[in-house]
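Architecture at a glance
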Amino acid sequence: MIDPFGRAITYLRVSVTDRCDLRCTYCMADDMRFLPKAELLTLEELDRLCAAFIRLGTDKIRITGGEPLVRRNVMQLFQALGSRIGGGLRELTLTTNGTRLAEFAPDLAAAGVRRVNVSLDTLDPAKFTAITRRGKIEKTLDGIFAAKAAGIAVKINAVALKGFNEEEISPMLGWCGEHGFDLCLIETMPMGEIDEDRTDQYLPLSLVRSRLRKSWTLEDTDYKTGGPARYYIVAETGQRVGFITPMTHNFCESCNRVRLTCTGTLYMCLGQNDAADFRSILRDGASDDELDGAIRAAIARKPKGHDFIIDRTHGGPAVARHMSVTGG
Ligand code: SAM
Ligand code: SF4
């Protein structure tokens, strides 16, 4: 699948639920209302859509959410997709907050998951509870180490938040080095109404990087995960550190991905509102050929780039839907 700008679309991110057991302040409002279950694609529908994408050339699938591991019977989907590894699918992975990873890590490994991204914005237990509004850091840490023990490579995702974890990023890089984890830093993106003003949270990663260089040697590398992150090798630890900077740098030229929500809406760009509805196509009884045709037609509409800008006057979102809906 080649889009109108010559980019091969080989990466599908699938949100399997909008629900979550945490309420990170930059992601959700405290009183988030979730979708009725009937609106969600069933696990069988998700598998059928993923199979169609794989048929058309998708070789990497990331399961995300909301919190993917709170979806009931989600392991059935991992097992179904895992059985397609080698038959077109090259990599099956997930992004999780880690709270249920200790329970699922062995099954995920058995299903063929080799890498996992775990979100962790701080190593301080009290701050972890504050930023997630309810989480216990022990659970996430247990999950991280269970994944490692199961032979799954762990990458830690941390959102850089002004005045919250600025001082911790350097120690976290050391902690990741100690345990053999890569670290990927993310700028806050203006997605969905939350309870706080996003301009108060925004910390440019260019600043974080120059501060890190005071303590660490960041060596250039052309390592790419097919994502928008720019990676460096941390000479002192041998691990990688990545920076995802949607707000300060246009990351769209090499974009190879599209995103499917848990209701079957395909977004061709995280930062745009154009979308294609696959739930009605599936529920109207589309044949495989019709499904493939609808996917091709959607890819032909993939836009050149996103329009993220934080509105400096009111700090409101540039895109109304939450990251937990599109799948981060
Ligand atoms: N619940 C899982 C987790 O937290 O890893 C998966 C879904 S979460 C939406 C995926 C990623 O998006 C997380 O790393 C989270 O920190 C990030 N995220 C959520 N809202 C964001 C925002 N407004 N700007 C930047 N990153 C955001
Ligand atoms: Fe839940 Fe992930 Fe959003 Fe945090 S970032 S509220 S863990 S979906």
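The rules behind each value
Residues numbered from 1 in each chain as written. Chains lettered and ligands numbered in written order. Predicted model: local features only at pLDDT ≥ 70, side-chain atom pairs only at ≥ 80, totals over all residues. Heavy atoms only, no water. Helix = DSSP H or I, 4+ residues; strand = E, 2+ residues; numbered from the N terminus. Near = heavy atom within 4 Å. Polar contact = N/O pair within 3.5 Å; in protein donor to acceptor, adjacent residues only side chain to side chain. Areas by Shrake-Rupley, 256 points an atom, 1.4 Å probe, with all protein chains shown as cover. Nonpolar A, V, L, I, M, F, W, Y, C, P; charged D, E, K, R; others polar. Core = buried A, V, L, I, M, F, W, Y, C linked by side-chain atoms within 4.5 Å. Buried < 20%, exposed > 50% of the residue type's maximum accessible area, 1.4 Å probe, protein only. Contact = heavy atoms within 4.5 Å. Pairing = 2+ DSSP bridges. Axes fitted to C-alpha atoms, helices over the stretch in contact; angles between N-to-C directions. Right-handed = clockwise from strand over helix to strand, strands pointing away.

**A few points about unusual backbone geometry**
- With a phi angle near 60°, Asn73 is a residue other than glycine that sits in the positive phi range.
- Examined against the element boundaries, Asn73 turns out to sit in the loop between strand 2 (60-64) and helix 2 (74-82).
- Of note in this structure, Arg133 is not a glycine but carries a positive phi near 60°.
- Secondary-structure assignment places Arg133 in the loop between helix 4 (125-132) and helix 5 (137-149).

**Points about the site of ligand 1**
- Close to ligand 1 lie 19 residues, the nearest being Tyr26, Gly66, Ser119, Val159 and Met189.
- Tyr26 is positioned such that a nitrogen or oxygen atom in its side chain is 3.1 Å from an oxygen atom of ligand 1.
- Here an oxygen atom of ligand 1 sits 3.2 Å away from a polar atom, N or O, in the main chain of Thr96.
- A total of 540 Å² of accessible area belongs to ligand 1 in isolation, and the protein chains cover 95% of it.
- Across the shell around ligand 1, the residue classes tally to six nonpolar, ten polar and three charged.

**What to know about the site of ligand 2**
- Neighbouring residues of ligand 2: Cys20, Leu22, Arg23, Cys24, Cys27, Met28, Gly66 and Asn97.
- Partitioning the shell around ligand 2 into residue classes produces five nonpolar, two polar and one charged.

**A look at the nonpolar core**
- By size, the foremost hydrophobic cluster in this structure holds 92 residues, and its most contacted members are Ile61, Ile63, Phe78, Ile156, Leu185 and Leu266.
- Broken down by element, this core gets its largest block of residues, seven residues, from helix 1 (residues 43-55).
- Residues within four places of Ile63 in sequence aside, it is in contact with Val14, Val16, Pro68, Leu77, Phe78, Leu81, Leu92, Thr93, Leu94 and Thr95.

**Here we look at the sheet that holds strand 4 (residues 115-119)**
- A sheet is described by the order of its strands in space; here twelve strands give the open sequence 7-8-9-6-5-4-3-2-1-10-11-12, paired in mixed fashion. Either end of the sheet is taken by a strand with one partner, and the two such strands are strand 7 (218-220) and strand 12 (275-277). Each neighbouring strand pair of the sheet contributes to a mean axis angle of 25°, computed without reference to strand direction.

**Concerning the pairing of strand 6 (residues 182-187)**
- A large share of strand 6 lies buried, amounting to six of its six residues.
- Of the two faces of strand 6, the one holding Asp182, Cys184 and Ile186 and the one holding Leu183, Leu185 and Glu187 are both buried throughout.
- Note: strand 5 (residues 153-160) against strand 6, six bridges, orientation parallel. Residue pairing for strand 6: Val159 is matched across the bridge by Ile186.
- You can see the chain leave strand 5, run along helix 6 (residues 169-179) and come back into strand 6, and the turn it takes is right-handed.
- As paired elements, strand 6 and strand 9 (residues 240-244) share four bridges and run parallel to each other. In the sheet register, Leu185 faces strand 9, and the bridge partner there is Phe243.

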